[in-house]
Amino acid sequence: MAVEITRRDMSPGELRETAARSRDAHAARRMLALALVLEGHSREDSAQICGMDRQTLRDWVHRYNAEGIDGLKSHTSPGRAPALTDAQMAALKALVIAGPDPAEHRVVRWRCSDLQVEVARRFAVEVHESTIGKWLRKLRLTRLQPRPCHPKKGAEEEETFKNTSPVC
């Protein structure tokens, strides 16, 4: 039994015009196949002319009947869920900006490998070191860090070690 197009809000000519204006080539091909079916061509011929299988055209007819022209558009998958939530990313940014505590973290500046260990400890998420670098770029932070200052540094000692020779 043939599948019937029950939605009649667009004529075959209007479907062809919409297909010509569409930037989605796959959706345009689907619209042209539906236009052929509405003009009276068989589902098999319409599918073959538009480069698809008869059953595939049947699926697109069902989607068109249910959702209209928007049902013919290509959908992209949402992708993999992020490893850290927005709140965890904010906590990571605050951690990086605050810097490490030498007594607790046993480092004087964050490296990606140190942050990798800290992320695993705090959030129970195992990621590669390069992922940490990508997250830092996403957070608009740089991996380059200034050299750390010695905690017992004094201003007067620093002045004695400065170059005091006259400038030529």
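Anything mentioned here points back to the structure above.
What you see is a predicted model; the values in this text were computed from it and never measured.

About the thresholds
Residues numbered from 1 in each chain as written. Predicted model: local features only at pLDDT ≥ 70, side-chain atom pairs only at ≥ 80, totals over all residues. Heavy atoms only, no water. Core = buried A, V, L, I, M, F, W, Y, C linked by side-chain atoms within 4.5 Å. Buried < 20%, exposed > 50% of the residue type's maximum accessible area, 1.4 Å probe, protein only. Helix = DSSP H or I, 4+ residues; strand = E, 2+ residues; numbered from the N terminus. Contact = heavy atoms within 4.5 Å. Axes fitted to C-alpha atoms, helices over the stretch in contact; angles between N-to-C directions. Parallel < 35°, antiparallel > 145°, perpendicular 65-115°, else oblique. Nonpolar A, V, L, I, M, F, W, Y, C, P; charged D, E, K, R; others polar. Expected span 1.5 Å × (residues − 1). Left-handed = near helix turned anticlockwise from the far one by under 90°.

Visitor: Tell me about the nonpolar core, residues and numbers included.
Guide: Ile5, Leu15, Leu34, Met52, Leu57 and Tyr64 are the most contacted members of the largest nonpolar core, which has 22 residues in total. For this core, the elements supplying multiple residues, two or more each, are α1 (12–21), α2 (25–38) and α4 (54–67). Looking at this core, the element that brings in the most residues is α2, giving nine residues. Setting aside chain neighbours within four positions, we find methionine 52 in contact with Arg29, Arg30, Ala33, Ala47, Leu57 and Trp60.

Visitor: Account for the packing of helix α7 (residues 112–123) against helix α8 (residues 129–138), naming residues and giving values.
Guide: Running from amino to carboxyl end, α7 crosses α8 at an angle of 95°, the nearest separation of the two axes being 9 Å. In this view, α7 runs roughly perpendicular relative to α8, as classed from their interaxial angle. Between α7, through Cys112, Ser113, Leu115, Gln116 and Val119, and α8, the contact on the second element is made entirely by Glu129, Ile132, Gly133, Trp135 and Leu136. When its residues are assigned to classes, the contact of α7 with α8 shows six nonpolar, three polar and one charged.

Visitor: Residues and numbers for α4, please.
Guide: The end-to-end C-alpha separation of α4 is 20 Å, in line with the 20 Å expected for 14 residues at 1.5 Å each. Following α4 by one or two positions, glycine 68 adopts a phi angle in the positive range, close to 80°.

Visitor: Quick rundown of the environment of proline 100? Include the residues and the values.
Guide: Within the element layout of this structure, proline 100 appears in the loop between α5 (86–98) and α6 (102–105). Taking C-alpha positions, proline 100 is 6.5 Å from tryptophan 110, a pair spaced 10 residues apart along the chain. Discounting residues that sit within four places of it in the chain, proline 100 has contacts with His105, Val107, Val108, Arg109 and Trp110.

Visitor: Lay out the side chain of histidine 105 with the relevant residues and their values.
Guide: With respect to the element layout, histidine 105 can be found in helix α6. When residues no more than four places from it in sequence are discounted, the contact partners of histidine 105 are Pro100, Trp110, Glu118, Arg121 and Arg122.

Visitor: Give me the lowdown on the environment of glutamine 116, citing residues and values where you can.
Guide: Tracing the chain through its elements places glutamine 116 in helix α7. With 13 residues separating them in the primary sequence, glutamine 116 and glutamate 129 have C-alpha atoms 6.1 Å apart. Residues within four places of glutamine 116 in sequence aside, it is in contact with Val127, His128, Glu129 and Ile132.

Visitor: Let's hear about the packing of α1 against α2: which residues, and what values?
Guide: Interhelical geometry of α1 versus α2 gives an angle of 165° and a closest axis separation of 9 Å. The orientation of α1 relative to α2 falls into the category roughly antiparallel. Considering how the two elements wind past one another, α1 and α2 form a crossing that is left-handed. In this structure, α1 uses Pro12, Leu15, Arg16, Thr18 and Ala19 to contact α2, whose residues at the interface are Ala28, Met31, Leu32, Leu34, Ala35, Leu36 and Leu38.

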